[in-house]
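# Residue-level structural notes
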Amino acid sequence: MGSLIHYSGISTKIRAMERWRIKPEQFEQMAALESVPEAVRFLRSLPPYEKIFSGVEDKELHRGRIEQLLNLAQYEDFASLYQFANMKQRRFLDLYFMHYEIGIVKTCLRNGAGRRESAQDLSGFKEFFDRHSSVDLAQLSQCRSIDEVISGLKGTIYYSPLESLRQKGQAALPACETAVDMLYFKTVWKIKEKYLSGQEKKDLTQCFGTRMDMLNLQWICRAKKYYHLPEGEIYAMIIPISLHLKKTEIRAMAQAEDVEQVYALIRNSWYGRLDLGNLEKGQSLEEPCREVIDRIYELTSRKEPYSASVLNSYLYFKEREIEKIITTIERIRYGVAAGI
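Conventions we followed
Residues numbered from 1 in each chain as written. Predicted model: local features only at pLDDT ≥ 70, side-chain atom pairs only at ≥ 80, totals over all residues. Heavy atoms only, no water. Helix = DSSP H or I, 4+ residues; strand = E, 2+ residues; numbered from the N terminus. Buried < 20%, exposed > 50% of the residue type's maximum accessible area, 1.4 Å probe, protein only. Contact = heavy atoms within 4.5 Å. Lys, Arg positive; Asp, Glu negative; His and termini not counted. Charge placed at Lys NZ, Arg CZ, Asp CG, Glu CD. Salt bridge = Lys/Arg side-chain N within 4 Å of Asp/Glu carboxyl O. Core = buried A, V, L, I, M, F, W, Y, C linked by side-chain atoms within 4.5 Å. Phe/Tyr/Trp six-rings, centres within 6.5 Å; stacked < 30°, edge-to-face > 60°. Polar contact = N/O pair within 3.5 Å; in protein donor to acceptor, adjacent residues only side chain to side chain.

## Focus: the overall build of the chain
Regarding its fold elements, the chain presents 17 helices and 0 strands. Principal axes of the C-alpha set define a box for the chain whose edges measure 55 × 55 × 45 Å. For the chain, the proportion of its 340 residues judged to be buried stands at 49%. If you take every contact in the chain between residues at least 6 apart in sequence, the share linking residues at least 24 apart comes to 63%. Considering the chain, the positive charge centre built from 49 side chains and the negative charge centre built from 46 side chains are found 5 Å apart.

Encoded structure:
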């Protein structure tokens with residue numbers, strides 16, 4: 001009853017927001033369009049994206065600008081929920097917000113690694129981040145190298161692990177991205193113990209723990225398939241926390257001779273009973289892992305509709321929707337939209 005009392009209001013708000021989630025048949029309609037401006041006009045006809053894309057001219061519709069606007073739509077949903085939330089719910093949202101911060105940090109690292117001629121435009125995010133973050137977007141937007149990004153993060157929790165890599169001469173993009181991912185999951189894993197309890201903690205443990213397991217499986221497979229890394233280097237790049245993967249299983253995967261041996265070990269693990277039990281030779285792990293995570297988020301929010309799980313699920317699937325929009329638009333841009 002306590003959860004019902006505390007979450008009835010925000011659960012009702014989320015159900016109202018979910019009504020506007022893009023349906024599969026709408027994605028099919030968008031995928032059948034012939035140009036990016038047509039796709040944006042289609043998005044503009046949908047309430048969640050109408051305001052974001054109003055007044056945007058066709059000449060502005062390059063990938064970076066579209067992604068920026070879609071991320072703003074995501075942040076607006078977060079801000080709307082945050083404003084409506086009570087103190088307990090805000091503690092969870094504060095925890096979730098780190099995910100958005102990590103996304104910005106990784107974007108800046110990638111731009112720095114590419115040494116682009118123009119600085120990253122983060123001005124559209126400034127108002128939102130000023131309310132929730134200690135990261136200085138104005139400074140990060142001017143960074144032209146990974147070294148500059150790391151220096152720009154001084155005073156935040158991201159500085160120490162990245163500066164440690166720089167001091168060792170190891171601040172390459174993959175190592176930096178791995179470091180911030182590890183920081184995120186370790187922080188979430190630790191803080192959830194402090195702010196959550198009971199069924200809420202169990203459900204969110206399932207969600208975050210599954211994501212960590214899926215990331216580790218993907219990183220191990222990539223290490224075996226593309227980089228042929230030795231066992232020690234694989235251990236260094238995976239998150240040292242797992243949910244359903246046993247340490248003995250992870251060790252066996254790190255010691256496997258090739259990716260096919262890793263797939264065999266996955267099929268014999270806890271995840272073998274799910275979609276990962278049907279892995280075929282040469283198959284990418286990305287889509288099966290995504291399906292597993294989707295299923296866990298759906299189940300936890302359905303089982304506990306009056307808890308932090310409903311917030312967690314809504315924000316996760318909003319991000320998934322935006323990923324699918326970007327993929328659909330890029331396929332339209334390059335003429336490969338059929339079959340979406």
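## As for unusual backbone geometry
Of note in the backbone geometry, His 228 takes a positive phi value of approximately 50 degrees without being a glycine. Within the secondary structure, His 228 sits in the loop between α12 (198–227) and α13 (231–237). Of the residues examined, His 228 reaches a relative accessible area of 61% and is grouped as exposed.

## Topic: the pattern of salt bridges
Taken as a whole, this structure holds 23 salt bridges when the rule is applied. Two residues, Arg 21 and Glu 18, come together in a salt bridge whose shortest N-O distance is 3.5 Å. Between Asp 77 and Lys 318 there is a salt bridge, with the nearest N and O atoms lying 3.3 Å from each other. Of this pair, Asp 77 sits in helix α5 (residues 63–84) while Lys 318 sits in helix α17 (residues 308–333), and the two are 241 residues apart along the sequence.

## Description of the nonpolar core
By size, the foremost hydrophobic cluster in this structure holds 114 residues, and its most contacted members are Tyr 49, Ile 266 and Leu 276. Contact partners of Tyr 49, with chain neighbours within four places excluded, come to Ile 22, Leu 43, Arg 44, Leu 70, Ala 73, Lys 318, Glu 321, Ile 322 and Ile 325.

## Details of the environment of Leu 311
By the element assignment, Leu 311 lies in helix α17. With 203 residues separating them along the chain, Leu 311 and Cys 108 place their C-alpha atoms 27 Å apart. Apart from residues no more than four positions distant in its own chain, Leu 311 is found in contact with Tyr 7, Ile 10, Ile 14, Leu 81, Gln 89, Phe 92 and Leu 93.

## Quick word on the environment of Cys 289
Turning to its location among the elements, Cys 289 is positioned in helix α16 (residues 286–303). Overall, Cys 289 belongs to the buried group, its relative accessible area being 0%. Each C-alpha atom of the pair Cys 289 and Leu 217 lies 8.7 Å from the other, and the pair is 72 residues apart in sequence. Residues in contact with Cys 289, not counting those within four places in the same chain, are Met 214, Gln 218 and Leu 276.

## Remarks on the packing of aromatic side chains
Throughout the structure, instances matching the rule amount to 19 aromatic pairs. Here Phe 97 and Tyr 100 contribute two aromatic rings whose centre-to-centre distance is 6.2 Å and whose plane-to-plane angle is 80 degrees, an arrangement assigned as edge-to-face. Linking Phe 97 with Tyr 100, this pair stays in helix α6 (residues 87–114), spanning 3 residues, or about one helical turn. Classification of Phe 97 by relative accessible area gives buried; the value is 4%.

## Some words on the side chain of Lys 192
Here Lys 192 lies in helix α11 (residues 173–195). Polar side-chain contacts of Lys 192 include one of 2.5 Å to the side chain of Glu 193. The contacts of Lys 192, once residues within four sequence positions are left out, are Leu 95, Lys 201 and Thr 205.

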